[in-house]
Amino acid sequence: MGKRVRISNGSLNSYGTRVLTDGMDIEQYKRNPVLLYMHQRGTVIGYMKDIKKEGDDVTGEPVFDEASELSQRCKNQWEFGSLKMVSAGLEIIEMSDEDKLLVVGQTSPTITKSRLYEVSIVDIGANDDALVLRREGKQITMGRDGENPLPSIKIKTMGKEKKEEKAAVMEHEAAQVQAVKAAPEKEESELEKENAELKKEIAELRKGRIVTLVDRAIEERKIDKDKREQFVDLGNKIGEKELGEVFAAMSRRVSLSEMIHTSGDETAQEMSLSKLSAEEIERLRESDRERYARLYKAEYGMEPDMDMD
């Protein structure tokens, strides 16, 4: 047969409404695409194949099963051309009377969301795009002499009433726009305040962690206590992570008393004068000249002048 037909589109029908193709769900029907006669249950005469949306049209191809006398007769009349219309059975899900969805001559709300549940062969439809609708369980037959329980949309009048209505709408919209403009300013101000407080808290936490790093370095004798503020300032400039890396690369300074109580060989191998403060070097020079001389030679490659004084 191969005769492709339009099942539905978004044009205005005889009852002053229209069905938006974009909002029509055809997936459920594609799982059981029954073809009825005149929207009557129990009169399955075939099925619709290759159902799809093409632009603003929902189309498909009727296939008659010829399993009944009715199906055979419909097929013959379809091929002859005395039957040539199909009609969509739709379940209304949502409607809208927004101006932007209305077309000239429309008197009922636009059906924005619907569900296709059956397709029928019909003799005379309401127009070239015949439909049958179902709303709240009640069938709305979009054919001649059918009852139309769809609500009517308010027709806007011309003249003074329309001008007053338009002025009221514009005033309301202007107030809404002003409110919307004011809201972001208030929200932005509050957000800036919150951000400032958060930044302050983060800065305090960061400074606290830097102070902790410096105090730990002092405890580990990597730096002298009198250098504390200097390293805190450095941490504030370069950051907590970088300061930690600086301390990690530094060796622990050994006190004079530790050196004195360390074996000579171990001291010579592990300690150097560069790890001692000037005061500690001086005390070592005075208290253990032999050890001082050994460390000096290891550090500088020559004997110290012990009689510099």
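Our subject is the structure listed above.
A brief look at the structure comes next. (Residues numbered from 1 in each chain as written. Predicted model: local features only at pLDDT ≥ 70, side-chain atom pairs only at ≥ 80, totals over all residues. Heavy atoms only, no water.)

### Remarks on the overall build of the protein
Then, number 1: Each helix and strand counted, the protein has nine helices and nine strands in total.
Then, number 2: With 309 residues in all, the protein has 36% of them scored as buried.
Then, number 3: Across the protein, the fraction of contacts at a sequence separation of at least 24, relative to all contacts at a separation of at least 6, is 62%.
Then, number 4: Of the roughly 19700 Å² of accessible surface on the protein, 49% is carried by carbon and sulfur atoms. (Helix = DSSP H or I, 4+ residues; strand = E, 2+ residues; numbered from the N terminus. Buried < 20%, exposed > 50% of the residue type's maximum accessible area, 1.4 Å probe, protein only. Contact = heavy atoms within 4.5 Å. Areas by Shrake-Rupley, 256 points an atom, 1.4 Å probe, with all protein chains shown as cover.)

### Structural notes on the nonpolar core
Then, number 1: Of all hydrophobic cores here, the largest spans 27 residues; its most connected members are Ile 7, Met 48, Leu 116, Val 119 and Ile 121.
Then, number 2: Of all elements in the fold, only β1 (5-9), β3 (34-37), β4 (46-54), β5 (57-64), α2 (69-80), β6 (85-96) and β7 (110-122) reach the threshold of two or more residues within this core.
Then, number 3: The next biggest cluster of nonpolar side chains, apart from the first, holds 11 residues, and it includes Ile 210, Val 211, Phe 231 and Leu 243. (Core = buried A, V, L, I, M, F, W, Y, C linked by side-chain atoms within 4.5 Å.)

### Observations concerning unusual backbone geometry
Then, number 1: Positive phi values are uncommon outside glycine, yet Asp 50 reaches one of about 55 degrees.
Then, number 2: On the basis of relative accessibility, which here comes to 46%, the residue Asp 50 falls in the partly exposed class.

### Brief notes about the environment of Gly 16
Then, number 1: On the secondary structure map, Gly 16 appears in the loop between β1 and β2 (24-25).
Then, number 2: Once the C-alpha coordinates of Gly 16 and Leu 150 are considered, the two residues, 134 residues apart in sequence, prove to be 9.4 Å apart.

### Points about the pairing of β3
Then, number 1: Side-chain alternation along β3 places Val 34 and Leu 36 on one buried face and Leu 35 and Tyr 37 on a second face that is also buried.
Then, number 2: Pairing analysis gives two bridges linking β3 to β4, with the strands arranged antiparallel. Across the sheet, the residue bridging to Val 34 is Tyr 47, located in β4.
Then, number 3: For β3 and β7, the ladder comprises three bridges, and the chain directions are parallel. Its bridge partner lying in β7, Leu 36 is registered against Ser 120. (Pairing = 2+ DSSP bridges.)

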